[in-house]
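Letter by letter, the chains look like this.
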Protein chains: 2
Amino acid sequence: MQNAFVEIAGVKRSLHVQVAREIARKILSGEVAQNEIIPGEMTLCEQFKVSRTSLREAIKLLTSKGLLESKPKVGTRVTDRENWNFLDSQLLDWLIDIGDNNAVYRDFLSLRNALEPEAAALAAENATAQQRILLSATFQRMDDISKDFELESWTEADMEFHRLIFLSTGNSFYLPFANVLCTMFKSFITHSSVRGSTCINEHRAIYSAIMAGDSSKARQANIDLLSKSKRRLPGSS
Amino acid sequence: MQNAFVEIAGVKRSLHVQVAREIARKILSGEVAQNEIIPGEMTLCEQFKVSRTSLREAIKLLTSKGLLESKPKVGTRVTDRENWNFLDSQLLDWLIDIGDNNAVYRDFLSLRNALEPEAAALAAENATAQQRILLSATFQRMDDISKDFELESWTEADMEFHRLIFLSTGNSFYLPFANVLCTMFKSFITHSSVRGSTCINEHRAIYSAIMAGDSSKARQANIDLLSKSKRRLPGSS
DNA sequence: CCCACTTTATTTGTATTACTATTAATTCAA
DNA sequence: TTGAATTAATAGTAATACAAATAAAGTGGG
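What counts and what doesn't
- Residues numbered from 1 in each chain as written.
- Chains lettered and ligands numbered in written order.
- Predicted model: local features only at pLDDT ≥ 70, side-chain atom pairs only at ≥ 80, totals over all residues.
- Heavy atoms only, no water.
- Pairing = 2+ DSSP bridges.
- Helix = DSSP H or I, 4+ residues; strand = E, 2+ residues; numbered from the N terminus.
- Near = heavy atom within 4 Å.
- Polar contact = N/O pair within 3.5 Å; in protein donor to acceptor, adjacent residues only side chain to side chain.
- Nonpolar A, V, L, I, M, F, W, Y, C, P; charged D, E, K, R; others polar.
- Least-squares fit on C-alpha atoms with pLDDT ≥ 70 in both.
- Contact = heavy atoms within 4.5 Å.
- Buried < 20%, exposed > 50% of the residue type's maximum accessible area, 1.4 Å probe, protein only.
- Axes fitted to C-alpha atoms, helices over the stretch in contact; angles between N-to-C directions.
- Parallel < 35°, antiparallel > 145°, perpendicular 65-115°, else oblique.
- Left-handed = near helix turned anticlockwise from the far one by under 90°.
- Core = buried A, V, L, I, M, F, W, Y, C linked by side-chain atoms within 4.5 Å.
- Salt bridge = Lys/Arg side-chain N within 4 Å of Asp/Glu carboxyl O.
- Expected span 1.5 Å × (residues − 1).
- 1 Å grid on protein atoms, 1.4 Å probe; cavity = no way out; pocket = protein on both sides within 12 Å on 5 of 7 lines; lining within 4 Å.
- Points joined across faces, edges and corners; volume = space filled by probe spheres on them.

All names here are of chain B. With 2 bridges joining them, strand β1 (residues 37-38) and strand β3 (residues 75-78) adopt antiparallel strand pairing. Across the sheet, Ile37 pairs through a bridge with Arg77, a residue of β3. With 4 bridges joining them, strand β2 (residues 68-71) and β3 adopt antiparallel strand pairing. In the sheet register, Glu69 faces β3, and the bridge partner there is Arg77.

Okay, here's the thing in structure tokens:
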């Protein structure tokens with residue numbers, strides 16, 4: 001396993017991101033195995049035709065996402081899958097680019113199932129005045145769009161709605177999901193998975209419950225929404 | 001706001017991690033405000049007495065955690081709190097070092113509340129043979145320890161038990177929580193928050209349900225455990 | 001023969017300097 | 001007033017040298 005690291009994508013972005021992307025692709029796709037030691041810095045510099053500075057920045061980026069681990073004398077090793085940060089937006093982008101997205105979408109829906117009802121409940125209790133205003137404006141947009149449906153603008157409003165709920169929980173640990181959610185929604189758009197109806201009534205139920213400060217009703221309304229959309233998405237029963 | 005960036009902790013770790021830690025502390029504590037532009041690279045190099053290489057590695061690390069954002073000509077700016085990745089173990093360590101941990105523990109418990117019941121249900125359905133063996137061994141240890149209670153070893157086994165559940169879900173998005181959970185448990189130990197009893201029976205119920213492949217029973221058992229431990233932790237009703 | 005200690009070689013970590021690319025702000029001309 | 005060209009400031013890339021860490025090989029004493 002020597003020449004698994006070659007080529008370079010002729011995109012725009014900064015060099016070390018290109019390199020990181022290439023290496024990440026090979027790791028995520030399984031082309032290089034977990035716990036495998038990748039070639040030394042010098043070797044990789046030659047293969048990617050970049051300076052050691054750039055290569056090291058690339059490796060640092062991947063290390064910070066839990067994909068790699070470096071030790072002097074021993075080298076840089078691919079970590080166990082357990083340590084990969086699947087909630088990182090960039091990593092998700094790379095993962096989606098690779099292929100079998102059905103599994104990714106299914107797993108993500110499962111996570112939303114666990115999180116969003118609780119997030120809605122928390123938002124009902126903790127949303128600030130400012131956040132309630134934003135939520136109102138966004139729901140208004142959804143309501144308007146639902147009457148004259150247009151996929152892209154509705155998806156965007158839908159995304160913003162659920163994003164705002166995460167941000168309104170008043171719980172720091174829910175914040176990262178706002179970004180992950182956006183990444184997934186954007187990938188939905190570009191890969192144009194069909195999403196039939198708007199479920200505007202189910203969304204209205206969530207919205208009303210949050211504005212009324214009724215956490216249990218918000219939780220239940222979000223459960224209802226998820227159980228309805230589950231029936232339309234690929235890979236679910 | 002110029003000399004908010006000085007000193008340097010005389011710890012061991014690699015240089016750029018020390019620097020990153022210092023800057024992160026100032027950001028997380030609010031000493032430097034969100035959206036504020038921090039001093040240029042050269043200035044920071046002088047203040048921290050490190051080379052530009054190390055400083056840039058530090059900044060890259062913080063950028064990858066969503067704390068900073070760099071653009072040519074404009075500089076490096078502290079991002080909105082919404083973008084901070086609170087599920088990063090290192091960031092959590094820094095956050096805990098700062099102070100008001102009660103809020104952190106409370107928020108984390110709230111997240112566990114949302115996630116762990118679903119994780120237990122998924123584990124009941126998807127745990128591999130290998131994972132079931134590990135879970136059995138770990139529960140056996142918990143059972144033994146509960147008879148002759150010793151705080152540290154029990155906390156470690158408890159942590160491993162819940163960690164294994166996350167790893168056994170068969171859902172990539174649950175994996176990162178395994179590490180976050182460990183970080184929080186370790187902080188519990190060092191900051192020696194009291195955790196009275198072992199709840200061994202509640203844990204047994206989860207364990208049995210997972211081994212039996214009964215997802216709804218596993219979910220309910222995990223809910224029961226959380227509602228019981230909630231009554232003992234600081235900051236909850 | 002075996003164990004502990006020392007040396008060596010390899011690999012990552014840090015530092016320095018120089019140059020390039022990007023872009024906000026300014027300037028100057030239409 | 002506008003808008004295109006210039007300027008200046010900052011991050012990105014590169015090349016090179018040296019420092020630190022450590023696994024592995026070598027060495028001496030028991």
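In this section: the protein's contact with DNA strand C. The immediate surroundings of DNA strand C are formed by 20 residues, with Arg52(A), Arg56(A), Leu15(B), Thr53(B) and Ser54(B) found nearest. Backbone atoms, meaning sugar plus phosphate, form 61% of the atoms of DNA strand C positioned within 4 Å of the protein. One of the side-chain nitrogen or oxygen atoms of Thr53(B) is found 3.3 Å away from a base oxygen of DNA strand C. Elements with a contribution of two residues or more to the surface near DNA strand C: α3 (52-64), β2 (68-71) and β3 (75-78) of chain A together with α1 (15-28) and α3 (52-64) of chain B. Among the elements that take part in the surface near DNA strand C, α3(B) stands out by supplying 4 residues, more than any other. Partitioned by chemical class, the residues of the surface near DNA strand C number 3 nonpolar, 9 polar and 8 charged.

Taken together, 19 residues lie around DNA strand D, and Leu15(A), His16(A), Ser54(A), Arg52(B) and Arg56(B) are the ones closest in. Counted by atom, the contact set of DNA strand D within 4 Å of the protein is 65% sugar and phosphate. Contact distances for DNA strand D include 2.8 Å between a phosphate oxygen and a side-chain N or O atom of Ser54(A). Take Arg56(B): an N or O atom from its side chain is 2.9 Å from a phosphate oxygen of DNA strand D. When contributions to the surface near DNA strand D are tallied by element, the ones reaching two or more residues are α1 (15-28) and α3 of chain A together with α3 and β3 of chain B. Taken together, the residues of the surface near DNA strand D sort by class into 4 nonpolar, 7 polar and 8 charged.

Each copy superposes on the other: chain A lies on chain B with an RMSD of 0.1 Å after a rotation of 180 degrees and an axial shift of 0.0 Å. In symmetry terms, the pair is related by a two-fold rotation axis. Across chain A, the smallest distance between a C-alpha and the rotation axis is recorded for Ala114(A), namely 2.9 Å. With an isologous cut-off of 70% or more, the 100% of interface residues of chain A that recur at the interface of chain B puts this contact in the isologous class.

Moving on to the side chain of Thr138(B). Residue and element names in this part refer to chain B. Along the chain, Thr138 falls in helix α6 (residues 129-147). Taking the relative accessible area as the measure of exposure, Thr138 reaches 4% and is therefore buried. Residue contacts for Thr138: discarding those within four places in its chain leaves Ala157, Glu160, Phe161 and Leu164.

Residue and element names in this part refer to chain A. Their axes nearest at 11 Å, the elements helix α6 (residues 129-147) and helix α9 (residues 200-212) cross at an angle of 160 degrees. It follows that α6 is roughly antiparallel to α9 by the angle criterion. Regarding α6 and α9, the two cross each other, and that crossing is left-handed. Between α6 and α9, the residues in contact are Arg132, Leu135, Ser136, Phe139, Met142, Asp143 and Ser146 and Ile200, His203, Arg204, Tyr207, Ile210 and Met211, respectively. Partitioning the contact of α6 with α9 into residue classes produces 7 nonpolar, 3 polar and 3 charged.

Strand order in the open sheet formed by 3 strands is β1-β3-β2 (chain B), and the pairing between neighbours is antiparallel. The open sheet terminates on both sides in strands that have one partner only, identified here as β1 and β2 of chain B.

For the rest of this paragraph, the subject is the nonpolar core. Core analysis: the biggest nonpolar cluster contains 142 residues, and Leu111(A), Leu111(B) and Phe177(B) have the highest contact counts within it. Filtering out sequence-adjacent residues up to four positions away, Phe177(B) remains in contact with Leu87(A), Leu111(A), Phe177(A), Leu87(B), Leu111(B), Leu115(B) and Phe166(B).

Enumeration according to the criterion identifies 30 salt bridges over all chains in this entry. Several salt bridges share partner residues, and in doing so they unite Glu41(A), Arg52(A), Arg56(A) and Glu57(B) into one network.

What follows covers the side chain of Thr169(B). Residues and elements named next belong to chain B. In this structure, Thr169 sits in the loop between α7 (151-167) and α8 (175-190). Residue classification places Thr169 among the buried positions, given a relative accessible area of 0%. Polar side-chain contacts of Thr169 include one of 2.9 Å to the backbone oxygen of Phe166. A polar contact is formed between the side chain of Thr169 and the backbone nitrogen of Asn171, at a distance of 3.2 Å.

This next bit is on α1(A). If you check α1(A), its first and last C-alpha atoms are 20 Å apart, about what 14 residues at 1.5 Å a residue would give, namely 20 Å. In this fold, the buried residues of α1(A) make contact with α2 (41-48), α3, β2, β3 and α4 (89-98) of chain A together with α3 of chain B. Two residues or fewer after α1(A) comes Gly30(A), characterised by a positive phi angle close to 85 degrees.

Next up on the list: the layout of surface pockets. Taken as a whole, the largest pocket spans an internal volume of roughly 1,400 Å³. If you go around the largest pocket, you meet 45 residues; those closest to its centre are Gln90(A), Thr63(B), Ser64(B), Leu68(B) and Glu69(B). Listing elements by their share of the lining of the largest pocket, those giving two or more residues are α1, α4 and α8 (175-190) of chain A together with β1, α3, β2 and β3 of chain B. Of the residues assigned to the lining of the largest pocket, the class counts are 15 nonpolar, 16 polar and 14 charged. Here the second largest pocket defines a volume of roughly 1,200 Å³. Considering the residues around the second largest pocket, the lining is formed by 48 residues, among which Thr63(A), Ser64(A), Gly66(A), Leu68(A) and Glu69(A) are closest to the centre. Of all the elements in the fold, those that place two or more residues in the lining of the second largest pocket are α2, α3, β2 and β3 of chain A together with α1, α3, α4 (89-98) and α8 of chain B. Among the elements that make up the lining of the second largest pocket, the one with the highest residue count is α8(B) (6 residues).

Turning next to the sheet that holds β3(A). Within a sheet, neighbouring strands are paired by backbone hydrogen bonds and run either parallel or antiparallel to one another. Judged by pairing direction, the sheet is antiparallel, and its 3 strands sit side by side in the order β1-β3-β2 (chain A) without closing on themselves. With partners counted over all chains shown, the strands left at the sheet margins are β1 (37-38) and β2 of chain A, one partner each.

Interpretation in functional terms is not warranted from these geometric data alone.
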